[in-house]
Amino acid sequence: MTAPRTRDAVVSVFALGLAVAVGRLLSAYGVPVLLLLSCSLSVASSAVWLLSRLTDGARTRSRCAAPGCDFQVRTRGVDAAEARRWQETAADHPLHRYRNPRS
């Protein structure tokens with residue numbers, strides 16, 4: 001498993017490369033600079049968000065068992081005993097945050 005800093009650096013470089021590629025493609029069509037910049041930045045931020053979510057799959061999630069509570073704990077690189085401790089903490093936390101059923 002790669003270190004978090006290395007993973008974040010790879011994600012950032014890939015997103016920046018994708019943003020530059022989109023910017024170069026759009027500049028060939030004579031897109032104004034501010035529009036070009038906003039499109040490139042939105043592509044970069046979307047790529048960082050997506051790649052970060054995909055790489056978060058290596059984390060362990062422990063959720064609250066109360067119906068409707070969205071509390072969760074994410075851990076990475078912990079042993080089984082500590083993962084179990086966080087699972088118990090998530091199941092017995094004092095603050096319950098409930099999702100709005102209409103959203």
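For the structure, see preceding data.
Residues numbered from 1 in each chain as written. Predicted model: local features only at pLDDT ≥ 70, side-chain atom pairs only at ≥ 80, totals over all residues. Heavy atoms only, no water.

Thoughts on the overall build of the protein chain
Across its full length, the protein chain carries 3 helices and 2 strands. Secondary structure elements of the protein chain, listed N to C terminal, follow the sequence α-α-β-β-α. Here the protein chain holds 103 residues, and 17% of them are scored as buried. Considering only contacts within the protein chain whose residues lie at least 6 apart along the sequence, 57% involve residues at least 24 apart. By element, 62% of the accessible surface of the protein chain is carried by carbon and sulfur atoms, the whole surface being about 7800 Å². (Helix = DSSP H or I, 4+ residues; strand = E, 2+ residues; numbered from the N terminus. Buried < 20%, exposed > 50% of the residue type's maximum accessible area, 1.4 Å probe, protein only. Contact = heavy atoms within 4.5 Å. Areas by Shrake-Rupley, 256 points an atom, 1.4 Å probe, with all protein chains shown as cover.)

Describing the side chain of Ser40
The topology assignment puts Ser40 in helix 2 (residues 33-55). Note on Ser40: relative accessible area 13%, which makes it buried. Among residues more than four places away in sequence, those in contact with Ser40 are Ala19 and Gly23.

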